[in-house]
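Spelled out, the chains give:
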Amino acid sequence: MTAQLENRFIDTVPTQRLQAAWQKLRSGDLRVAWSHCQALLSSSEVSAASFDISSRVALALGQAKLANQLAGRAVAMEENNASFLAQQCFCLLAVRQPEKAAKLAESLAAIPRVRGIEHDNLGNVYSQLGNHSAAIACFRDAIECEPERSHHWFNLGLCLQSMGELEEAEEAFDRAIALKPDEAEPWLHRSRLRKQLPENNHVSQLHEAITRVDSGRWRQEMNLRYALAKELEDLEEYDSSFTQLQAASALRRKHMNHDPAADLSAMTAIKATYTASYVAKNDGYHSAEPIFIVGLPRTGTTLVERILGSHSDVFAAGELNNFAESLSAQVAPLQPSDRQDFIRKAAEVDSAVLGRQYVDSTRPATGHTSHFIDKLPLNFLYCGLIQRALPNARIIHLQRDPMDTCFAIYKTLFKQAYPFSYDLRELGQYYLGYRDLMEHWCALMPGRILQVSYEKLVSDIECESRRLLDFCGLPWEDGCLQFHRSEAPSMTASLAQVRQPVYTSSVGKWRRYAAHLGELQKVLVAGGVDILTTA
């Protein structure tokens, strides 16, 4: 091989590897993408671009610390590369270093931006930092640079909907769909923004879009079918809606690696491990700041968050993974061998350290009011640990009719959480495990967990709101009843509903689908749940 050919070979192979890694990342084949990254990183002359793509793949694989290290290497080699800086911001946020991310965002904002993707990257950074106004401005700048790129319109729509600008969000999603109709996510988000009307809906277009989905693009088909199910429900075509919903959820379950028995075994192990003697010890961190709202999703947790978050002494911090992450950091040195061993060893950690690290991990977002809300429903798994680590924290448990709860969960497409929600039998079994665990916590800690009924809350909002404030030791403020006027962003599946005054139309909604929910009802009844079959 001549020297010239040898140089061309050296130049070409890393470029091909880099392109292949990007292609596999975009297609979701992370294992193969990472193998390309490993080859790039072992090269004798590794490039900044190699560190950057490796950081992106590592972050997609959930390896946030490694991703941050790799991103730092890319930035060190090309400190004014806007794309590399944005990636490190995302990594810093993933490893819970928002202050460093915000400082780095200042450097990113100072770089002259002439391409739409550069504005878009900065907009995504601002969005994750919670600065939605700045994010919206960036996405508008991206659109001005590249008005024909659907991704910019989609990001603008996402940010607008979180801020309650629903009409503008719909216009942005309309534009994204017009530019790239084969991308299904904008269809799904658009369907959720309002109640679809007989004279104003997208049902026929959705049917047509489903027929155009290429074989193998199951995520596209899934998103379109969820969107169609929602719009058909709005039009009161319940049988047709359920047909689409069932097909969509089956697609999601088929492509998910989930062991439902492991969830149930974990809840059984939690009950056995966290006993009265465990929760009775008073050796935690005595901060009264946290208010935990727990339960299952779609039970009114967002409504309670908005009510309490409208109080001047309360900050709504959203759905935080911080408690589980703080616990994992404490348990890791004990080297648990599996999930069951993790549960057992979690009972050995220093409760005061756990409580303090949890509160500290929520900074700087929290700390400027006397209380903050952590609205992650699955914190119900940790009520015993919360009681021990944070004995002065408030825990509020939302309850809703079992069939309404399960059906509301079943018809919602979540991002990564709640893998039990896409099969009616598995969902029913998980509900029984959750119910038993909550009964366990309430028996161990009488008076420590406030039980709130969704049905009572929506039927007498003022009475229940006063009860909530009393439990949290907060004085009454009339603004708590004006929660729908709050300008605070909402990222949950309830983002459109929280902009409305309280309503009762979701009570008993499952009965419209009763003919299709026999399997779910059978599981619940066998587990001892009373099903109210008539209104």
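Here, the structure is the one placed above.
Residues numbered from 1 in each chain as written. Predicted model: local features only at pLDDT ≥ 70, side-chain atom pairs only at ≥ 80, totals over all residues. Heavy atoms only, no water.

Q: Residues and numbers for the overall build of the protein, please.
A: What the protein contains, in helices and strands, is 26 helices and five strands. Along the first, second and third principal axes, the C-alpha atoms of the protein reach 80 × 60 × 45 Å. Burial analysis of the protein (535 residues in total) assigns 51% to the buried set. Accessible surface, the protein: about 24,800 Å² in total, of which carbon and sulfur atoms supply 49%. (Helix = DSSP H or I, 4+ residues; strand = E, 2+ residues; numbered from the N terminus. Buried < 20%, exposed > 50% of the residue type's maximum accessible area, 1.4 Å probe, protein only. Areas by Shrake-Rupley, 256 points an atom, 1.4 Å probe, with all protein chains shown as cover.)

Q: Could you give me a rundown of the packing of aromatic side chains, with the residues and numbers involved?
A: What characterises a pair of aromatic rings is the spacing of the ring centres plus the angle enclosed by the ring planes. Tallied over the entire structure, the rule returns 17 aromatic pairs. For the pair Phe 242 and Tyr 513, a centre-to-centre distance of 6.3 Å together with 45° between the ring planes defines the contact as tilted. Pair noted here: Phe 242 is in helix H14 (residues 238-254) and Tyr 513 is in the loop between helix H25 (461-471) and helix H26 (518-526), with a separation of 271 residues, a long-range link. Residue Phe 242 shares its accessibility class with Tyr 513, and that shared class is buried. Here the aromatic rings of Phe 323 and Tyr 382 are separated by 5.8 Å at their centres, their planes lie at 45°, and the arrangement is tilted. Residue Phe 323 is located in helix H18 (residues 322-331), and its partner Tyr 382 is located in the loop between strand S3 (371-374) and helix H21 (383-389); the two are separated by 59 residues in the primary sequence. By the ring-pair criterion, three or more aromatic residues cluster together here, those being Tyr 238, Phe 242, Phe 407, Tyr 410 and Tyr 513. Geometry around Trp 187 places Arg 190 over its ring, the cationic atom sitting 5.1 Å from the centre. Across from the ring centre of Tyr 422, 5.9 Å away, lies the NZ or CZ of Arg 252, which sits over that ring. (Phe/Tyr/Trp six-rings, centres within 6.5 Å; stacked < 30°, edge-to-face > 60°. Lys NZ or Arg CZ within 6 Å of the ring centre and 35° of its normal.)

Q: Could you give an account of the packing of helix H13 (residues 218-234) against H14, naming the residues involved and the relevant values?
A: Interhelical geometry of H13 versus H14 gives an angle of 155° and a closest axis separation of 8 Å. By the angle between their directions, the pair H13 and H14 is classed as roughly antiparallel. For the element pair H13 and H14, the recorded crossing hand is left-handed. Contact residues: H13 offers Trp 218, Glu 221, Met 222, Arg 225, Tyr 226, Leu 228, Ala 229, Leu 232 and Glu 233, while H14 offers Tyr 238, Ser 240, Ser 241, Gln 244, Leu 245, Ala 247, Ala 248, Ser 249, Leu 251 and Arg 252. Here the contact of H13 with H14 is built from residues that sort into 11 nonpolar, four polar and four charged. (Axes fitted to C-alpha atoms, helices over the stretch in contact; angles between N-to-C directions. Parallel < 35°, antiparallel > 145°, perpendicular 65-115°, else oblique. Left-handed = near helix turned anticlockwise from the far one by under 90°. Contact = heavy atoms within 4.5 Å. Nonpolar A, V, L, I, M, F, W, Y, C, P; charged D, E, K, R; others polar.)

Q: Break down the side chain of Ser 287 for me, with residues and values.
A: Its location among the elements puts Ser 287 in the loop between helix H16 (276-280) and strand S1 (290-294). We classify Ser 287 as buried; its relative accessible area is 9%. Filtering out sequence-adjacent residues up to four positions away, Ser 287 remains in contact with Val 359, Leu 390, Asn 392 and Ala 393.

Q: Describe the pattern of salt bridges, naming the residues involved and giving the relevant values.
A: All told, the structure shown has 27 salt bridges when counted by the stated rule. In this structure, Arg 388 engages Asp 283 in a salt bridge whose closest nitrogen and oxygen atoms are separated by 2.6 Å. With Arg 388 in helix H21 and Asp 283 in the loop between H16 and S1, this pair connects stretches of sequence that are 105 residues apart. By relative accessible area, Asp 283 is classed as partly exposed at 33%. (Salt bridge = Lys/Arg side-chain N within 4 Å of Asp/Glu carboxyl O.)

Q: Pulling in residues and values, what's your account of the side chain of Asp 341?
A: For Asp 341, the location among the structural elements is in helix H19 (residues 339-346). Not counting the four nearest positions on each side in its chain, Asp 341 is found in contact with Gln 335 and Pro 336.

Q: Lay out the sheet that holds S1 with the relevant residues and their values.
A: Sheet architecture is open: five strands sit in the order S2-S3-S1-S4-S5, paired in parallel fashion. The open sheet is flanked by strand S2 (314-316) and strand S5 (449-453), the only strands paired with a single partner. The sheet shows a mean angle of 25° between the axes of neighbouring strands, taken without regard to direction. The sheet contact formed by S2 and S3 spans three bridges and is parallel. By the bridge assignment for S3, Ala 316 is matched with Ile 373. Against the sheet, helix H23 (residues 424-444) makes contact with strand S4 (394-399) and S5, and its axis sits at roughly 135° relative to S5, the strand it touches most. (Pairing = 2+ DSSP bridges.)

Q: So what's going on with helix H17 (residues 301-309)? Which residues, and what values?
A: Along H17, eight of the nine residues are buried, which leaves the element largely enclosed by surrounding structure. Turning to H17, its buried residues number three or more, namely Thr 301, Thr 302, Leu 303, Val 304, Glu 305, Arg 306, Ile 307 and Leu 308. For H17, the secondary structure elements touched by its buried residues are S1, S2, S3, S4, helix H24 (454-459) and H25.

Q: Outline the layout of surface pockets, listing residues and values.
A: Where empty space is left in the structure can be found by rolling a water-sized probe over the atoms. Computed from the structure, the second largest pocket encloses a volume of approximately 520 Å³. As for the second largest pocket, its lining consists of 13 residues, and the residues nearest its centre are Lys 65, Val 95, Arg 96, Glu 325 and Ala 329. Residue assignment for the lining of the second largest pocket shows that the elements contributing at least two residues are helix H4 (64-77), H18 and helix H20 (351-361). With five residues, H18 is the largest single contributor of residues to the lining of the second largest pocket. (1 Å grid on protein atoms, 1.4 Å probe; cavity = no way out; pocket = protein on both sides within 12 Å on 5 of 7 lines; lining within 4 Å. Points joined across faces, edges and corners; volume = space filled by probe spheres on them.)

Q: Explain the nonpolar core residue by residue, including any values.
A: Core analysis: the largest hydrophobic core is formed by 82 residues, its most contacted members being Phe 380, Trp 441 and Leu 524. Here the element with the most residues in this core is H23; it accounts for nine residues. With residues up to four places along the chain from it excluded, the contact list for Leu 524 reads Pro 402, Met 403, Cys 406, Gly 428, Tyr 431, Leu 432, Val 529 and Ile 531. Core analysis: the next-biggest nonpolar cluster, separate from the first, contains 52 residues, Ala 58, Ala 135, Leu 160 and Ala 172 among them. (Core = buried A, V, L, I, M, F, W, Y, C linked by side-chain atoms within 4.5 Å.)

Q: Tell me about the environment of Asn 131, residues and numbers included.
A: In this structure, Asn 131 sits in the loop between helix H7 (116-129) and helix H8 (132-145). Remark: the alpha-carbon pair of Asn 131 and Cys 159, spanning 28 residues in sequence, is separated by 9.9 Å.

Q: I'd like a description of empty space enclosed by the protein, backed by residues and values.
A: Scanning the entire structure with this criterion turns up one cavity of 30 Å³ or more. The computed volume of the largest cavity comes to approximately 30 Å³. Taken together, His 258, Pro 260, Asp 263, Leu 264, Phe 420, Glu 426, Gln 429 and Tyr 430 make up the lining of the largest cavity. When residues of the lining of the largest cavity are traced back to their parent elements, those giving at least two are helix H15 (260-273) and H23.

Note that every value here comes from positions in space, so none of it alone points to a role or purpose.
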